[in-house]
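# Inside the fold
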Amino acid sequence: MKTKLFSTLVCVACALFSLQLAAQPTPTADGLWLADDGEHINCHGGNIIRLSDGVYYWYGEHRVQNIPGTTEDGISLYTSTDLKTWHNEGLVLKASADTLSDIALGCIMERPKVVYNEKTGKYVMLFHLELKGKGYAAARVAFAVADNPKGPFTFLRSLRPNPGKWPADFKKADKKTAKAQNPSDYSKWWTPEWRVAIEKGMFLNRDFEGGQMSRDMTVYIDDDGTAYHIFSSEDNLTLHLAELTDDYLDYTGRYWRIAPCGQNEAPTLFKKDGTYWLITSGCTGWAPNEARMFKASKITGPWEQVACPSRGEGAKTTFGGQGTYVMSDPARPGEFIFMADIWTPKQLSHSRHLWIPIKFENGAPVLEVQK
């Protein structure tokens, strides 16, 4: 998200959300969520996991104070036993002082997700990485690992997923069709013909040898323990769902496309009563937009787009927020909380937090804020 949000929207939104969910910090008058050190919780685009010790671990982007734009210095962690009072544990993965490192200070580290691997006993972090000084051209995923949920995490490597691999459901004819799409045939983007070429795999084929682009992302562990990396690819035009290896540190080479040329980012994924639900956003920079939603009976698809989950005042802009994760609701077993960020691009460290309990109406998720 890359354009300005109005502070009045932030304050009104945060005031509304505080009425809806008790298990969260009490926001200040201007919508800040303060940790026990008296500072706003500087933890964005991440996720929360609860371990057997009864502690909640909230990982996210740590944005440098008072510096506009995308500068950051690592991944932060906050801990809590009740979701209301949070303690700043500091940076669990720091940007490197080594200028040759993929995570050299000045890189862009976004959307970190930490999951526990029961087979290896390791905590695995995946995040969207852009190399220092390269803008958003790198479009990589990065892997880090730790023995302890509080870290420190050790950076392993960054890459583009699945080089030399076609989607698992591509048949011989699909591959041939994708190879026939040539970007030089289209002097203008966004035409109907260009969109059809994207759907047929033009950018998929363009990036085939070097690996597929990976930007906004989440990680989901299915009931059988299989982990999937879900990310915006093909210049943010198509979502990919890629199966991870048993240690969660690489890819099996099996992946599937979701909503080709649908232009979705900020994916959040959860499962309820045998149905997989995917809530995403459109691509409008830092500005909020109307959430999209998809469902499937199998995680590998086919995925069907359904009605927007948001209801009521503010629904057209997802109440000013953009989703980052869906976590289990401790107050409602079997239910969920939609976590989102209300971005303030002039000072990203003070972007506000938004949590909404997910309701179900007629079997479908609903996001709604009651005054």
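Just above sits the structure.
Residues numbered from 1 in each chain as written. Predicted model: local features only at pLDDT ≥ 70, side-chain atom pairs only at ≥ 80, totals over all residues. Heavy atoms only, no water.

With that out of the way, let us pick up the overall build of the protein chain. A tally of helices and strands in the protein chain yields four helices and 21 strands. For a compact globule of 371 residues, the expected C-alpha radius of gyration is about 21 Å, and the protein chain comes in at 20 Å, within 12% of that figure. Judged by the C-alpha coordinates and their principal axes, the protein chain covers about 55 × 50 × 40 Å. Here the protein chain holds 371 residues, and the buried ones make up 56% of them. Partitioning the contacts of the protein chain with sequence separation of at least 6, the portion at a separation of at least 24 is 50%. (Helix = DSSP H or I, 4+ residues; strand = E, 2+ residues; numbered from the N terminus. Rg over C-alpha atoms; globule rule 2.2 N^0.38 Å. Buried < 20%, exposed > 50% of the residue type's maximum accessible area, 1.4 Å probe, protein only. Contact = heavy atoms within 4.5 Å.)

Okay, the packing of aromatic side chains next. The relative placement of two aromatic rings is captured by the distance of their centres and the angle of their planes. For the coordinates displayed, the defined rule picks out 18 aromatic pairs. Between Trp33 and Trp355, the ring centres sit 5.0 Å apart and the planes meet at 85 degrees, which makes this aromatic pair edge-to-face. Here the residue Trp33 occupies a position in the loop between helix 1 (7-20) and strand 1 (44-50), and Trp355 occupies one in strand 20 (residues 352-361), the gap between them amounting to 322 residues. The pair formed by Trp33 and Trp355 is uniform in burial state, with each residue classed as buried. Summarising the aromatic geometry, the rings of Tyr220 and Tyr276 are spaced 6.3 Å apart at their centres and angled 80 degrees between planes, so their arrangement reads as edge-to-face. Of this pair, Tyr220 sits in strand 9 (residues 217-221) while Tyr276 sits in strand 14 (residues 275-281), and the two are 56 residues apart along the sequence. With a relative accessible area of 11%, Tyr220 lands in the buried category. An aromatic cluster of at least three residues, connected via ring pairs, comprises Trp33, Trp58, Trp86 and Trp355. One residue, Arg157, lies across the ring of Phe143, its end atom 5.0 Å from the ring centre. Across the ring face of Phe360, the terminal group of Lys272 is positioned such that the distance to the ring centre comes to 5.4 Å. (Phe/Tyr/Trp six-rings, centres within 6.5 Å; stacked < 30°, edge-to-face > 60°. Lys NZ or Arg CZ within 6 Å of the ring centre and 35° of its normal.)

Take the layout of surface pockets next. It is the rolling of a water-molecule-sized probe over the atoms that shows where space remains empty. As a volume, the largest pocket reaches approximately 950 Å³. Forming the boundary of the largest pocket are 35 residues, of which Ile49, Val115, Tyr220, Ile221 and Tyr325 lie nearest the centre. For the lining of the largest pocket, the secondary-structure elements that each account for two or more residues are strand 1, strand 5 (108-117), strand 9, strand 11 (238-244), strand 13 (265-272) and strand 18 (322-328). Here the lining of the largest pocket is built from residues that sort into 19 nonpolar, six polar and ten charged. (1 Å grid on protein atoms, 1.4 Å probe; cavity = no way out; pocket = protein on both sides within 12 Å on 5 of 7 lines; lining within 4 Å. Points joined across faces, edges and corners; volume = space filled by probe spheres on them. Nonpolar A, V, L, I, M, F, W, Y, C, P; charged D, E, K, R; others polar.)

Another aspect to go through is the sheet that holds strand 4 (residues 87-94). Strand pairing in a sheet is mediated by backbone hydrogen bonds. Such pairs are either parallel or antiparallel. Spatially, 1-2-3-4 is the arrangement adopted by the four strands of the open sheet, whose pairing is antiparallel. Two strands close off the open sheet at either side, each with one partner strand: strand 1 and strand 4. Neighbour-to-neighbour, the strand axes of the sheet open up by a mean angle of 25 degrees, direction not taken into account. The sheet contact formed by strand 1 and strand 2 (residues 56-63) spans five bridges and is antiparallel. Bridging across to strand 2, Ile49 finds its partner in Tyr57. (Pairing = 2+ DSSP bridges. Axes fitted to C-alpha atoms, helices over the stretch in contact; angles between N-to-C directions.)

A few words now on the pairing of strand 6 (residues 122-130). Within a regular strand, side chains alternate between the sheet's two faces. Within strand 6, eight of the nine residues are buried, which leaves it mostly tucked inside the rest of the structure. In terms of strand pairing, strand 5 meets strand 6 through eight bridges, oriented antiparallel. Residue pairing in the sheet places Asn117 in a bridge with Lys122 of strand 6. Between the end of strand 5 and the start of strand 6, which pair antiparallel, lie four residues, with Gly121 showing a positive phi angle near 75 degrees. Bridge count for strand 6 against strand 7 (residues 140-146) is seven bridges, and the pairing is antiparallel. By the bridge assignment for strand 7, Leu126 is matched with Phe143.

Before going further, it helps to spend a moment on the sheet that holds strand 14. Taken together, four strands build an open sheet; the order of strands is 13-14-15-16 and the sheet is antiparallel. Each end of this open sheet is capped by a strand with a single partner; those strands are strand 13 and strand 16 (304-306). For this sheet, the mean angle separating the axes of adjacent strands, direction not counted, is 30 degrees. Judged from the five bridges that link them, strand 14 and strand 15 (residues 292-296) form a sheet pairing that is antiparallel. In the strand pairing of strand 15, Trp277 is matched with Lys295.

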